[in-house]
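Descriptive analysis of the structure
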Amino acid sequence: MSKNIPFEEVYAESVVNAIKILGDIVSKIVTDYLTHKYSIDITKTADKPYLLDEALNHVIDGGKLIVERRIINILYTKIGLVENPTSTGTVSFEERIYEARDRHNKLLNRNL
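For clarity, every value in this text was computed on a predicted model and none was experimentally measured. (Residues numbered from 1 in each chain as written. Predicted model: local features only at pLDDT ≥ 70, side-chain atom pairs only at ≥ 80, totals over all residues. Heavy atoms only, no water.)

**Quick notes on helix H1 (residues 7-19)**
Its 13 residues place the ends of H1 18 Å apart at the C-alpha level, agreeing with the 18 Å of an ideal helix rising 1.5 Å per residue. The complete set of buried residues in H1 reads Phe7, Val10, Tyr11, Ala12, Ser14, Val15, Ala18 and Ile19. (Helix = DSSP H or I, 4+ residues; strand = E, 2+ residues; numbered from the N terminus. Expected span 1.5 Å × (residues − 1). Buried < 20%, exposed > 50% of the residue type's maximum accessible area, 1.4 Å probe, protein only.)

**Some thoughts on the packing of helix H3 (residues 49-60) against helix H5 (residues 93-110)**
For the pair H3 and H5, interaxial distance at closest approach is 8 Å and the crossing angle is 145 degrees. As for the relative orientation of H3 and H5, their crossing is right-handed in sense. Within the contact between the two elements, H3 uses Pro49, Tyr50, Leu52 and Asp53 and H5 uses Phe93, Glu94, Ile97 and Tyr98. Counted by class, the contact of H3 with H5 contains 6 nonpolar, no polar and 2 charged residues. (Axes fitted to C-alpha atoms, helices over the stretch in contact; angles between N-to-C directions. Left-handed = near helix turned anticlockwise from the far one by under 90°. Contact = heavy atoms within 4.5 Å. Nonpolar A, V, L, I, M, F, W, Y, C, P; charged D, E, K, R; others polar.)

**Digging into the nonpolar core**
Side chains of nonpolar character tend, in soluble globular proteins, to be buried together. Phe7, Tyr11, Val30, Leu52, Ile71, Leu75 and Ile97 are the most contacted members of the largest nonpolar core, which totals 29 residues. Of all elements in the fold, only H1, helix H2 (23-38), H3, helix H4 (64-79) and H5 reach the threshold of two or more residues within this core. No other element matches H4, which puts 7 residues into this core. Once residues within four sequence positions are removed from consideration, valine 30 is found in contact with Ile19, Leu22, Ile42, Leu52, Ala55, Leu56 and Val59. (Core = buried A, V, L, I, M, F, W, Y, C linked by side-chain atoms within 4.5 Å.)

**Quick notes on the pattern of salt bridges**
Tallied over the full model, the rule gives 7 salt bridges. The closest approach of N and O atoms between lysine 37 and glutamate 54, which form a salt bridge, is 3.1 Å. Linking lysine 37 in helix H2 with glutamate 54 in helix H3, this pair joins segments that are 17 residues apart in sequence. Classification of glutamate 54 by relative accessible area gives partly exposed; the value is 26%. Linking arginine 103 and glutamate 99 is a salt bridge whose minimum nitrogen-to-oxygen distance equals 3.9 Å. With arginine 103 and glutamate 99 both in helix H5, this residue pair falls 4 residues apart, about one helical turn. Through salt bridges with shared partners, a single ionic network connects Glu8, Asp47 and Arg101. (Salt bridge = Lys/Arg side-chain N within 4 Å of Asp/Glu carboxyl O.)

Right, here's the structure in full:
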């Protein structure tokens, strides 16, 4: 678990790990889309997860849900959170990332 690591770092690791499911070529297309359109690295989207959502939608359309679900699962595992099963499917990817950040930060503050 990565409870004492900053959220941005855990998020970056989760995104890199999850995007591997797309393979090298498609992963590069997604990262290039973010770089060319927004001048942002894929690992720096923790503050703007909607950009990653848009890039995945643009490149792989419906397949983005698989990658986003994988990112959330990896992220929650790394920070030691249990996903709220009632929120899956009704909450956007962006909202789930922000919720994970808030819960992670609360855990960090509790450990101080």
